[in-house]
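# Examining the three-dimensional arrangement
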Amino acid sequence: MRKLVKTAAFAAAAMLVIQASAGTWHENFEGGLDDWEAFTDPQGADDPTQAVWEKRREMGNGIVTGEVHGPTLISTLRLRPPNVDTNQWTNYTVQARARMDSRIQDGELAVFGFSLYDHWDAVTHQSCLVRVQQGLSEVRFYTPNDFGVYRWLRAFEDRVWYDISATVETDAETGKDRITFQIDDDDPLIVDWPASIGSGGVGLMIGRGVFSFDEVLIEGESIPTGGKGPLSVSSTGKTAQVWANLKR
């Protein structure tokens, strides 16, 4: 695993975790996947045989790896903790380290990223995806009544870890949402959505390849403190040293 230098985005997030009273859900995949559920969407039909998600160890660290077998499929590892209603989550920030391990074949458009504000009783969702093949990153929205894509250029490499983050904030006066999507310490992509997206849970999304994720962190006023990472043990007393000791 390539050693990463902490980016400005993750350093800033660490300070937010330390100072804010909001809940923090942290998953470093050292434990099991009992809080997570895989959902594979081949053109709208759930077919779990076409994708595999598994927790594994790499150089002594726990990570989760997802593999999609079909070129038209999208698979999401959804966070679904028992007795937690993630459909009510709103105004949160999601961060993770993500890596593309391989593609189904050269020329295929491999994607990875987040599913945000997702309702588990419907296929429709709003997503933040990273388009690797074409050197594009994008925020892509799916709602029952609308669809939109916002892009900016970015080159990606295989077998390299990237810090990715997405924040959804609702303006209290207008009720409209703003999405901020960032990769490493690049300038963020900021999208002012023309309405309210709503609320919902978080998932790790992949398509057309094999991908790995680590150090998933979700923070916000509506987020309960939980998960299996060191930051979820207590909502108080977090220090910068915890972040300094996170896996590279």
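Quantities reported herein were computed from a predicted structural model and do not represent experimental measurements.

### Here we look at the overall build of the chain
The number of helices and strands found in the chain is two helices and 16 strands. Of the contacts made within the chain by residues no fewer than 6 positions apart, 68% connect residues no fewer than 24 positions apart. Just so you have it, the chain exposes about 10800 Å², and 49% of that area is on carbon and sulfur atoms.

### So, the environment of Ala-155
By secondary structure assignment, the location of Ala-155 is in the loop between strand S10 (147–153) and strand S11 (162–170). Sequence spacing of Ala-155 and Ser-137 is 18 residues, and the spatial spacing of their C-alpha atoms is 8.8 Å.

### Comments concerning the nonpolar core
Nonpolar side chains in soluble globular proteins generally cluster together in the buried interior. One finds Tyr-92, Phe-112, Leu-204, Phe-213 and Ile-218 to be the most contacted residues of the largest nonpolar core, which totals 45 residues. In terms of residue count, strand S6 (residues 92–103) provides more of this core than any other element does, five residues in total. Among residues more than four places away in sequence, those in contact with Tyr-92 are Leu-116, Tyr-117, Ala-166, Thr-167, Val-168, Gly-200, Gly-201, Val-202, Ile-218, Glu-219, Gly-220 and Ile-223.

### Some words on the confidence of the model for the chain
In this model, the chain carries a mean pLDDT of 77, and residues with pLDDT of at least 70 account for 70%. Averaged pLDDT values for the elements of the chain fall to 39 in helix H2 (residues 240–244) and rise to 95 in strand S15 (residues 209–220). Within the model, the stretch residues 1–20 combines pLDDT values under 50 with 42 contacts to residues more than four positions away or in other chains. Confidence over residues 233–248 falls short of pLDDT 50; this stretch has 35 contacts with residues more than four positions distant or in other chains.

### Side note on unusual backbone geometry
In this structure, Asn-91 is a non-glycine residue whose phi angle is positive, near 50 degrees. With respect to the helices and strands, Asn-91 occurs in the loop between strand S5 (74–79) and S6. A positive phi angle, near 65 degrees, is found at Arg-208, a position not held by glycine. As for its placement among the helices and strands, Arg-208 is situated in the loop between strand S14 (201–207) and S15.

About the thresholds
Residues numbered from 1 in each chain as written. Predicted model: local features only at pLDDT ≥ 70, side-chain atom pairs only at ≥ 80, totals over all residues. Heavy atoms only, no water. Helix = DSSP H or I, 4+ residues; strand = E, 2+ residues; numbered from the N terminus. Contact = heavy atoms within 4.5 Å. Areas by Shrake-Rupley, 256 points an atom, 1.4 Å probe, with all protein chains shown as cover. Core = buried A, V, L, I, M, F, W, Y, C linked by side-chain atoms within 4.5 Å. Buried < 20%, exposed > 50% of the residue type's maximum accessible area, 1.4 Å probe, protein only. pLDDT = per-residue confidence, 0-100.

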